[in-house]
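Each chain, written out:
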Amino acid sequence: MAFSTALLSLLFDPWIHFKQSSYFDDSQHIIRSCFLMIIGGALAFFMVLMEYILVSATSAVTVTIAGVVKEAVTIVVAIFYFHDEFNLLKGLGLFIIMVGVSLFNWYKYHKLQKGHLSEHEKTIGSLHENGTARYVIVDDIEEVDEEA
């Protein structure tokens, strides 16, 4: 995978431009850029781990919504930190994301208020009496299904 990514990077973003970039113009900037990439990789690893735990405790739709919000945060960070240009397409995308997430949260809130949760949502996505999310191990669910 690293080889194919490097090859595609050479084709679409020639490496000769790295010398012109302020992120790779001296050793201090190279070390800083590599450190940021390592931190990004560690964050991505822990994000995937949290997604697994989130799916175990809630539903795949909730994880999808969280992923959409993550993409919106990525766009905002690219604009403010890396000074990426903000155009009409990105603005429209952020607006659609905010509207979609708001509508999903509004729907789930009203569904919860009316008490119309499905049996799966009551079992998997329920909260303990003290308000903390319940962690569900997938093997335990399979054992419960076999007993029933």
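Each remark here, short or long, concerns the structure printed above.
Before going into details, it helps to say that this report is about the structure given with it. (Residues numbered from 1 in each chain as written. Predicted model: local features only at pLDDT ≥ 70, side-chain atom pairs only at ≥ 80, totals over all residues. Heavy atoms only, no water.)

To continue, consider the overall build of the protein chain. A count of helices and strands for the protein chain gives 6 helices and 0 strands. In the protein chain, the order of α-helices and β-strands from amino to carboxyl end is α-α-α-α-α-α. In the protein chain, which comprises 148 residues, the share counted as buried stands at 12%. Considering only residue pairs separated by 6 or more positions, the protein chain has 40% of its internal contacts joining residues 24 or more positions apart. Carbon and sulfur atoms make up 71% of the accessible area of the protein chain, which amounts to about 12000 Å² in all. (Helix = DSSP H or I, 4+ residues; strand = E, 2+ residues; numbered from the N terminus. Buried < 20%, exposed > 50% of the residue type's maximum accessible area, 1.4 Å probe, protein only. Contact = heavy atoms within 4.5 Å. Areas by Shrake-Rupley, 256 points an atom, 1.4 Å probe, with all protein chains shown as cover.)

Moving on, we come to the nonpolar core. Residues Ile65, Ala72, Leu94, Ile97, Val101 and Phe104 constitute the largest nonpolar core, which totals 6 residues. At the level of secondary structure, the elements contributing two or more residues to this core comprise α3 (60–80) and α4 (88–114). Broken down by element, this core gets its largest block of residues, 4 residues, from α4. Apart from the residues within four sequence positions on either side, Ile65 is in contact with Val101 and Phe104. (Core = buried A, V, L, I, M, F, W, Y, C linked by side-chain atoms within 4.5 Å.)

This part is about the side chain of Ser33. Mapped onto the secondary structure, Ser33 falls in helix α2 (residues 27–57). Ignoring anything within four residues of it in the chain, the contact list for Ser33 reads Tyr23 and Phe24.

Evaluated as defined, the whole model comprises 2 salt bridges. Glu71 is the partner of Lys70 in a salt bridge, and the nearest nitrogen-oxygen pair spans 3.1 Å. Notably, a salt bridge pairs Asp84 with Lys90, separated by 2.8 Å at the nearest N-O pair. Among the residues examined, Asp84 registers a relative accessible area of 36% and is labelled partly exposed. (Salt bridge = Lys/Arg side-chain N within 4 Å of Asp/Glu carboxyl O.)

On to the packing of aromatic side chains, then. The geometry of an aromatic ring pair is captured by the separation of the ring centres together with the interplanar angle, meaning the angle of the planes. All told, the structure shown has 2 aromatic pairs when counted by the stated rule. Ring plane angle 75° and centroid distance 5.1 Å describe the contact between Phe45 and Phe46, whose orientation is recorded as edge-to-face. You can call Phe45 exposed: its relative accessible area is 53%. (Phe/Tyr/Trp six-rings, centres within 6.5 Å; stacked < 30°, edge-to-face > 60°.)

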